[in-house]
Each structure stands twice: as C-alpha cells, then as structure tokens.
Amino acid sequence: MSQPYPTPTLRAIDGALMLENVALQEIAARCGTPTYVYSRAALTSAFEAYQRALAGRRALVCYAVKANSNLGVLSVFARLGAGFDIVSGGELARVLAAGGDAGKVVFSGVGKSRAEMRRAIEAGIRCFNVESAAELERLDEVAGQLGRKAPIALRVNPDVDPKTHPYISTGLKSNKFGVAFDDAFALYRRASQLPNLRVSGVACHIGSQLLDPAPMAEAAQKVLGLVDKLAAEGIALDHIDLGGGLGIRYRDENPPAVADYLAPLLAVFAGRREELCFEPGRSLVGNAGLLLTRIEYLKPGADRNFAIVDAAMNDLARPALYDAYHEVVAVRARDVPARRYEIVGPICESGDFLAHDRSLAVADGDLLAILSAGAYGMTMSSNYNTRGRAAEVIVDGDRIHLVRERETVDSLYALEKPLA
Ligand SMILES: *Cc1c(COP(=O)(O)O)cnc(C)c1O
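Because the structure is a prediction, the values reported are computed rather than measured.

Asker: Looking at this model, I keep getting lost on the packing of aromatic side chains. Mind explaining?
Answerer: Two numbers describe a pair of aromatic rings. These are the distance of the centres and the angle of the planes. A full pass over the atoms with the stated rule returns 4 aromatic pairs. Consider the rings of Y36 and Y38, whose centres lie 6.3 Å apart with planes at 20 degrees: the pair is stacked. Neither Y36 nor Y38 differs from the other in exposure class; each is buried. Between Y63 and F77, the aromatic rings sit 4.6 Å apart at their centres with planes inclined by 40 degrees, giving tilted as the arrangement. With Y63 in strand β5 (residues 59–64) and F77 in helix α3 (residues 71–79), this pair connects stretches of sequence that are 14 residues apart. Both residues of the pair, Y63 and F77, belong to the buried class. Of the aromatic side chains, those joined through ring pairs into one cluster are F47, Y63 and F77. Its end group placed over the ring of F107, K112 keeps NZ or CZ at 5.5 Å from the ring centre.

Asker: Can you help me understand the site of the ligand in this one?
Answerer: Around the ligand sit 14 residues, and of these K66, S208, E279, R282 and Y376 come closest. Here a nitrogen atom of the ligand sits 3.5 Å away from a polar atom, N or O, in the side chain of H205. Starting from 390 Å² of accessible surface for the ligand in isolation, the protein chains cover 93%. The class makeup of the residues in the shell around the ligand is 3 nonpolar, 6 polar and 5 charged.

Asker: Is there a simple way to think about the domain arrangement of the protein chain in this case?
Answerer: It is common to give the size of an interface as the accessible area that goes away when the parts come together. Splitting the protein chain by domain gives domain 1 (10–39 + 286–412) and domain 2 (108–280). Computed from C-alpha coordinates alone, the two centres of domain 1 and domain 2 are separated by 36 Å. Every contact between the two is made by 7 residues of domain 1 and, on the other side, 4 residues of domain 2. Of the roughly 590 Å² buried between domain 1 and domain 2 on both sides combined, carbon and sulfur atoms contribute 48%. In this assembly, domain 1 and domain 2 are joined by 1 salt bridge.

Asker: Looking at this structure, I do not really get the nonpolar core. What am I missing?
Answerer: The nonpolar side chains of a soluble globular protein tend to be buried, and buried together. Counting residues in each nonpolar core, the largest one holds 101 residues, and the members touching the most others are Y63, F77, F128, Y188 and L262. It is helix α8 (residues 214–232) that provides the largest number of residues to this core, a total of 9 residues. Here F128 is in contact with F107, K112, M117, A120, I121, L139, A150, P151, I152 and A153, once residues within four sequence places are set aside. Among the nonpolar cores identified, the runner-up in size contains 20 residues, and L10, L17, I27 and V331 belong to it.

Asker: Quick question: what am I supposed to make of the sheet that holds strand β2 (residues 16–19) here?
Answerer: Note on sheets: strands pair through backbone hydrogen bonds, and any given pair is parallel or antiparallel. An order of β1-β2-β3 is seen for the 3 strands of this open sheet, with the pairing classed as antiparallel. Lying at the two open borders of the sheet, with one neighbouring strand each, are β1 (10–13) and β3 (22–23). Alignment of β1 against β2, held across 4 bridges, turns out to be antiparallel. Bridge pairing links R11 to M18 in β2.

Asker: How do you make sense of the pattern of salt bridges when you look at a structure like this?
Answerer: All chains considered together, the criterion is met by 20 salt bridges. One salt bridge connects R189 with E233, and the closest N-O pair in it is separated by 2.7 Å. Of this pair, R189 sits in helix α7 (residues 181–193) while E233 sits in the loop between α8 and β12 (239–241), and the two are 44 residues apart along the sequence. Measuring nitrogen to oxygen at the nearest pair gives 2.7 Å for the salt bridge that ties R334 to D366. Here the residue R334 occupies a position in the loop between β16 (328–330) and β17 (339–344), and D366 occupies one in the loop between β18 (353–360) and β19 (367–370), the gap between them amounting to 32 residues. Classification of R334 as partly exposed rests on a relative accessible area of 40%. Look at D366 and you get buried, because its relative accessible area is 10%. One salt-bridge network, in which partners are shared between bridges, spans R126, R198, D238 and E275.

Reading the values: rules and limits
- Residues numbered from 1 in each chain as written.
- Predicted model: local features only at pLDDT ≥ 70, side-chain atom pairs only at ≥ 80, totals over all residues.
- Heavy atoms only, no water.
- Phe/Tyr/Trp six-rings, centres within 6.5 Å; stacked < 30°, edge-to-face > 60°.
- Buried < 20%, exposed > 50% of the residue type's maximum accessible area, 1.4 Å probe, protein only.
- Helix = DSSP H or I, 4+ residues; strand = E, 2+ residues; numbered from the N terminus.
- Lys NZ or Arg CZ within 6 Å of the ring centre and 35° of its normal.
- Near = heavy atom within 4 Å.
- Polar contact = N/O pair within 3.5 Å; in protein donor to acceptor, adjacent residues only side chain to side chain.
- Areas by Shrake-Rupley, 256 points an atom, 1.4 Å probe, with all protein chains shown as cover.
- Nonpolar A, V, L, I, M, F, W, Y, C, P; charged D, E, K, R; others polar.
- Domains from an automatic or database assignment.
- Contact = heavy atoms within 4.5 Å.
- Buried area = accessible area lost by both parts, 1.4 Å probe.
- Salt bridge = Lys/Arg side-chain N within 4 Å of Asp/Glu carboxyl O.
- Core = buried A, V, L, I, M, F, W, Y, C linked by side-chain atoms within 4.5 Å.
- Pairing = 2+ DSSP bridges.

Shown next as structure tokens:
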C-alpha cells in the first residue's frame with residue numbers, strides 16, 4: 001500500500017492518526033494546541049537517505065538550520081554526524097547548544113556582521129561562504145585582528161538559464177545572493193592574496209523546492225569549470241558546496257528520491273578528489289513535521305463555511321505568505337457529513353488562512369493536523385496579535401519529548417515597560 005500521507009511515519013489506526021506510535025490526540029491532551037510535532041524516525045530517515053546516496057565519497061551534509069532551528073531537531077542531526085549551514089550568529093549559538101560540531105559548520109548569508117564573523121572564527125567553523133567583494137575584505141580584517149586565518153568559499157551565482165528552468169529564484173544574475181559567475185575568478189585571486197584568509201572551496205545554492213535535478217547538474221557543470229580554471233592558476237580548492245533546494249511533496253508534487261536527485265551531480269564530479277558538501281533544509285525536515293491544531297468554532301455561511309482553528313498565520317506563515325498548500329486532515333474520523341471549509345485562524349487579517357476549500361467531516365473541538373509543516377513553519381512564526389508561539393514536540397517511538405514549551409503571555413512583554 002502506498003503511503004497516503006506525505007509524512008512517512010504518519011498513519012491512521014482505527015480512525016485515529018498516529019505519528020510513529022503516539023496518537024496525536026494524546027499529544028494535544030498532554031501539551032495543548034497549537035503544537036508542532038516532529039517525528040524522530042522521519043528526520044533520521046531523511047538524513048540517512050543523503051548519507052546512503054553519498055556513501056563511498058568524501059561528502060558532508062550540512063543541514064540548513066533556518067528550515068527548523070529547534071535544539072531538539074538540531075540534536076537529532078548532530079548525533080547522526082551532520083554538519084550545519086547557518087545564516088546568522090544566532091544559528092551558530094543554537095548549533096553549539098545542541099551539541100553540533102563547529103568544525104562542520106558553513107556560514108552563508110549576504111550580511112554577516114563583524115561580531116558574527118568573530119564568533120564563528122573563534123568557534124572554528126569549517127567555512128565562510130562569502131557573498132561579496134566587500135565581505136571578503138571585512139573577513140580578512142576581522143580574522144587578522146584575531147590572529148587567525150579564516151577559511152572561505154565564494155558563493156557563486158551560476159546564472160542557470162531561467163527559460164529552461166523557470167522556477168529557479170536564487171541562482172540568477174539579478175538577485176542579491178552570491179557573486180556573479182564572471183567576477184568569481186578575479187575575486188578568488190584577490191582572496192588568495194589576502195593574508196588572513198585561506199581559500200578552501202566554492203559554493204552555490206540556486207533555489208528551493210526544486211523538483212528536477214537538471215538545473216543543479218547544469219550549475220554543477222559550470223562550477224566545475226571554475227574549479228579547473230582556478231587549479232590552473234595554482235588555486236586549489238578542497239571542497240565544492242552545492243547548496244540545498246531539493247523539494248518535497250506538499251500536495252501532488254513528485255520530487256525525485258534523494259539518490260536520483262544526487263546521481264547526475266555525482267556524475268559531474270566522478271573521480272574528483274574534492275569533498276562534496278550539500279545544504280539540504282526542507283527535504284530533511286519538511287515532511288517530518290506537522291502542526292496540530294484544534295477547531296474553536298465551525299461557522300457555516302451562505303457562501304462558504306469556516307473552520308476557525310487555534311493556529312494562525314503567526315504560527316504557520318507559508319499559506320498567507322506564499323499561498324502555499326498544506327494538506328489538512330482530521331485527527332479522528334467522525335461520522336458526520338463532510339463539508340467544505342476555509343481553515344482560518346483567529347488573527348485580525350483576512351489573509352489569515354491556513355487552507356482553502358477543504359472537505360472535512362468534523363465538529364467543534366476536533367483536532368486537525370496540518371501536514372508538511374516541519375520546514376519554514378516554526379522558524380517563520382511570530383507573536384503577531386500577542387499570541388505566544390506554539391509548543392514543539394518530538395515523537396520517538398512511543399515517547400513524547402517536549403522540545404519547546406508554549407510561550408506564556410508574560411514572556412511576550414517581559415522586555416517591555418510602560419513609560420515611567
Ligand atoms: C535556505 C538555504 C538552504 C536550504 O534550502 P532548502 O530549500 O530548504 O533545502 C541551503 N543553503 C542556503 C545558502 C540557503 O539560503
């Protein structure tokens with residue numbers, strides 16, 4: 001039987017949804033709602049798919065922390081030997097607090113501050129993925145002040161043809177990420193002359209939710225050309241970082257298996273000695289997590305019916321922000337006629353919706369699971385409308401680990417004060 005849900009460890013038993021061996025109903029009873037729930041087995045199998053596909057090669061999988069930065073999630077990956085791709089000093093602190101190895105951290109992002117550079121050099125990270133000429137100069141200066149040599153890769157923009165791959169968003173000339181491919185050679189020369197930098201690798205990341213390996217393989221080919229040109233110039237790189245971006249199934253997408261996605265890339269680098277790095281985010285956590293929410297009110301209408309739930313756009317922003325689709329399923333089957341509902345939250349914005357026009361057989365007070373919410377869910381949440389952030393739970397077999405407590409209202413204004 002094919003898995004009916006995008007989450008591999010979710011199943012219905014006697015009409016009740018279970019994640020691994022835990023009933024979602026029990027999590028709601030113990031921890032309340034809304035609550036993000038992640039499956040350790042699903043996190044682990046997603047990571048192991050990368051490890052298996054890369055077996056026998058020098059390779060490092062650096063989980064992109066911004067997809068889901070909960071310490072519990074990070075600790076699962078740290079124990080599996082993962083590296084981490086960070087985009088801020090805050091994410092570095094999280095990785096270290098979760099037991100991650102600084103020596104396997106790569107630091108991406110267009111706006112690294114001096115303080116962030118300092119912390120990362122002191123921690124001994126694996127590599128800075130530098131995104132501009134100005135950043136190169138600043139990093140050299142900061143490293144010099146610390147008496148250290150900072151390892152760098154340039155994040156290049158392979159400018160993969162948008163006509164052949166219309167969905168690519170970050171690998172084009174016209175965006176803020178990376179350095180133009182044609183400028184990279186001169187910048188590597190400059191970097192190799194700066195006394196406090198060690199030229200270590202090259203990086204690229206062309207986009208997100210990619211469902212076809214072709215554009216990445218095209219980018220990899222271009223990057224390889226640059227690596228060879230640099231070697232001819234006496235600049236030898238020890239690693240090639242191909243970024244993240246593999247997509248997942250939210251609705252009816254059909255993403256390639258990790259091995260099939262990586263195969264054409266590995267073919268490009270067959271027989272090469274450089275270490276290959278990858279920075280997957282969404283594909284490691286997206287379908288390992290769901291958002292558990294309770295229906296506060298059913299509100300039938302002439303035009304449409306609303307199911308008003310206790311989760312909202314502040315908890316899961318993707319539908320409001322990107323018109324993203326998430327599957328919504330009732331946690332317990334109920335013997336009432338199905339109706340079509342708009343699934344909305346309590347926030348005072350008409351854009352506060354989680355799903356449109358879904359057929360559900362539910363009553364007031366029922367629980368819903370919003371699927372594929374493990375990536376860019378909690379990390380993009382806010383306190384809009386003075387709503388505390390959701391709790392977070394990791395399910396492991398038949399155990400429930402509360403890995404983030406629900407925020408209390410007083411904690412939301414603890415840093416504020418009325419005028420004296
Ligand atoms: C966001 C990001 C990733 C992860 O992307 P996914 O689509 O979640 O795999 C990897 N690398 C960089 C530089 C990023 O900005």
